[in-house]
Amino acid sequence: MLIRFNVKNFLSFDENEGGKSEEFSMIAGKVRNKKEHTGDDGNLRLLKFAAVFGANASGKSNLVKAMDFMRSTVIDALPDGYTEKYCKTNIDNKEKPSYFELEIKLNEKYYAYGFEIILSRGEFCSEWLVELSADNKEKLIFSRDILAGVYEFGSFLNARSLREKMDVYAEDIQDDNSVLFLSIMNRNKRTLYEKYKRVSILQDVYLWIQRSLDINYPDEPISNYSYMADTENVEEVCNLIAAFGTGITGFKMVNVPVEKVISHLPKKVREKIVQDLEKLVIETKKNSDKYNKGFIMRSKRDFFILGLKDEEVICQTIQFSHNKKETLYEMSEESDGTVRILDLLEILLSEEGKTYVIDELDRCLHPSLTYKFVDSYLQMAAKKNIQLVVTTHESRLLDFDLLRRDEIWFVNKRKSGESDIYSLEEYNARFDQKIDKAYLEGRYGGVPVFSTVFPIKEV
């Protein structure tokens, strides 16, 4: 689970007034009500939900982009356009390091992983992974001062053979400022982790960033609809869909011609699918099972499952029924709001341990639907270890009957252009206060300040 995220010198986030990085935290505050909104292990209470409010261009989406930038850099490589991602409100920032750090709870322990990088040159300056304890002590796992060409491992590497092996990996990139050690240690190292369980934390942290940190943007599908394809309880899914007033009362997996799907795809994508299908044929022949699930293809308004059944390629899609009638409708015939709800249902049916981050939760949704989704999520999350962080404009969520004070965050842009992020808990807001009204009046910042659109002419 996510504990904290810190960022500095990235897009609209510069250092705060104290010279430190901007911090977003899922650590529960002093609020006493709605304890079911938190997970408590006896040492640390973590929130399962947080909503970030702010005006357009205040920096809400930049917080999501900062998390995604860190994730992409660790899992893949520096994303396109990275040299221009530093905070440009100060010309000196071009040559200053940008700072990214995640604190996470993993296997009942706490860890902090981060790195610094001069984005304009694509040069990493430092990297670290430490284990944190409830008494604020740190246990070093590894650190790199790349500028000085120095690295260090913690005392957990007490086996000589393991230490020698890790030294070889570290020395290979000791002066290489273009790569991260955590990334290198998760490329073709399966045998290492099978033999030395002691260093598996390097794999565990990497896999959490890769698989458990699920970041989503408003113009991209959130779900691949696997919950529809794999669910054993179709009735449960139908009841969930119907509860959001979509008019959908049922759905079916329907066969469609493979040629119809593949023929419209770009050549490279088509060739890749053919290769994947050939691999499925080989795997199916090796296995005793006659059925292999295949893979899912999802675009903004289309959904297909390509797979094998008895060594024959099949293609299926979802079609929906409305109001108990037999007529079936394709997903492309459903409204944008319905498709958005179908995406969000993935979260309500999600597995344990995931942290979802969704930019513009209320995109295409009626305010009442946004409220109902958050309410439904909080009821579900009370029984699971799961987290959801959203950005939104929906002021109806600013409701103490729904949320705790520490679940409400604001992003505000200074006159100089930098973004500040802060929690409602920093304000002394009474529980009987109309928070949505106060927010819209600008009491907490994070709302647009309008100037005259048409200047008044003197006559």
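Look up a bit, the structure's there.
If you're wondering where the values come from, they're calculated on a predicted model, not measured in any experiment.

> Tell me about the environment of isoleucine 262, residues and numbers included.
Mapping isoleucine 262 onto the fold places it in helix H8 (residues 258–262). Taking relative accessible area as the criterion, isoleucine 262 reaches 12% and is therefore assigned buried. Taking the C-alpha atoms as reference, isoleucine 262 lies 9.2 Å from valine 274; in sequence the two are twelve residues apart. Dropping the residues within four chain positions of it, isoleucine 262 is found in contact with Arg270 and Ile273.

> Tell me about the sheet that holds strand E5 (residues 49–53), and please be specific about residues and values.
Within the open sheet, the six strands sit side by side as E11-E17-E18-E5-E19-E20. Their pairing is mixed. Edge positions in the open sheet fall to strand E11 (213–216) and strand E20 (419–423), since each of these has one partner strand only. Across the sheet, the axes of successive neighbouring strands diverge by a mean angle of 15°, strand direction being ignored. Inspection of the sheet shows strand E17 (residues 355–358) paired to strand E18 (residues 387–392) by four bridges, in the parallel sense. Across the sheet, threonine 355 pairs through a bridge with glutamine 387, a residue of E18. Sheet strands in contact with helix H10 (residues 336–348) are E17 and E18, and its direction is about 155° off that of E17.

> Before we move on, can you summarise the packing of aromatic side chains with the specific residues and values?
As enumerated under the stated definition, the model contains 14 aromatic pairs in all. Consider the rings of phenylalanine 10 and phenylalanine 69, whose centres lie 5.0 Å apart with planes at 45°: the pair is tilted. Placement of the pair is phenylalanine 10 in the loop between strand E1 (2–8) and strand E2 (22–25) and phenylalanine 69 in helix H1 (residues 60–75), with a sequence separation of 59 residues. One exposure class covers both phenylalanine 10 and phenylalanine 69, and it is buried. Ring geometry for tyrosine 99 against tryptophan 128: centres 5.5 Å apart, planes inclined by 35°, an arrangement best described as tilted. You can see tyrosine 99 sitting in strand E6 (residues 98–106) and its partner tryptophan 128 sitting in strand E8 (residues 123–132), a full 29 residues away along the chain. One aromatic cluster in this structure is built from Phe10, Phe69, Phe100, Tyr113, Phe115 and Phe124. For the cation-ring pair, lysine 189 lies above tyrosine 169, with the distance from its terminal atom to the ring centre recorded as 4.9 Å. Over the face of the ring belonging to phenylalanine 244 we find lysine 372, whose NZ or CZ atom lies 5.8 Å from the ring centre.

> Describe the sheet that holds E6, listing the residues and the values that go with them.
Strand order across the open sheet formed by seven strands is E2-E1-E6-E7-E8-E9-E10, with antiparallel pairing between neighbours. Two strands lie at the open edges of the sheet, namely E2 and strand E10 (150–153), each paired on one side alone. Pairs of neighbouring strands in the sheet enclose a mean axial angle of 10°, with direction left out of account. Across the sheet, helix H5 (residues 200–212) is in contact with E1, E6, strand E7 (109–118), E8 and strand E9 (138–145); its angle to E6 comes to roughly 105°.

> An account of the pairing of E10 is needed here, citing residue identities and associated values.
Bridge count between E9 and E10: four bridges; the pairing is antiparallel. Across the sheet, arginine 144 pairs through a bridge with tyrosine 151, a residue of E10. Hairpin geometry of E9 and E10 is characterised by an intervening segment of four residues between the two adjacent antiparallel strands and by a positive phi of about 70° at glycine 149.

> Before we move on, can you summarise helix H2 (residues 160–172) with the specific residues and values?
An α-helix turns once every 3.6 residues. As a result, residues three or four positions apart point the same way. Over its 13 residues, H2 runs 19 Å from end to end, which matches the ideal 18 Å to within 8%, given 1.5 Å per residue. Among the residues of H2, those classed as buried are Leu162, Met166, Asp167, Tyr169 and Ala170. Within H2, the buried residues cover an arc of 165° as seen down the axis, which keeps them to one side. Of the exposed residues in H2, the ones pointing more than 90 degrees away from its buried face are Arg160 and Asp172. Check the buried side of H2 and you find it contacts E10, helix H3 (181–184), helix H4 (190–195) and H5.

> Just give me the short version of the pairing of E20, but keep the residues and values in it.
Taking burial as the measure, the five residues of E20 include five buried ones, the bulk of the element. Relative to E20, strand E19 (residues 408–413) runs antiparallel, the two sharing five bridges. When the bridges of E20 are listed, asparagine 412 appears paired with aspartate 420. Between E19 and E20, which pair antiparallel one after the other, the connecting turn spans five residues, and glycine 417 there sits at a positive phi close to 110°.

Cut-offs and rules
By convention here, each chain's residues receive numbers from 1 onward along its written sequence. Note on the predicted model: pLDDT of at least 70 is required for a residue's local features to be given, and 80 or more for side-chain atom pairs to be given and counted; whole-chain, interface and lining totals, by contrast, use all residues. To get the side-chain values, take all heavy atoms of the structure and skip hydrogens and water. The secondary structure listing takes helices from DSSP runs of H or I that are at least 4 residues long and strands from runs of E that are at least 2 residues long, numbered from the N terminus. Classification of residues uses two cut-offs on accessible area relative to the type maximum, computed with a 1.4 Å probe and protein chains only: under 20% is buried, over 50% is exposed, and between them is partly exposed. Here, residues are in contact when the closest pair of their heavy atoms is within 4.5 Å. For two strands to be treated as a pair, DSSP must find at least two bridges joining them. Lines fitted to C-alpha atoms define the axes here, with helix axes fitted over just the stretch in contact, and angles between the N-to-C directions of these axes take values from 0 to 180 degrees. Two rings from Phe, Tyr or Trp (for Trp, the six-membered ring) form a pair when their centres are within 6.5 Å of each other. A pair whose planes differ by under 30 degrees is stacked, one over 60 is edge-to-face, and the rest are tilted. We call a charge positioned over a ring when the NZ of a Lys or the CZ of an Arg lies within 6 Å of the ring centre and within 35 degrees of the ring normal. Each residue after the first adds 1.5 Å to the expected span of a helix. In this description, one arc is meant: the one made by directions from the helix axis to the C-beta atoms.

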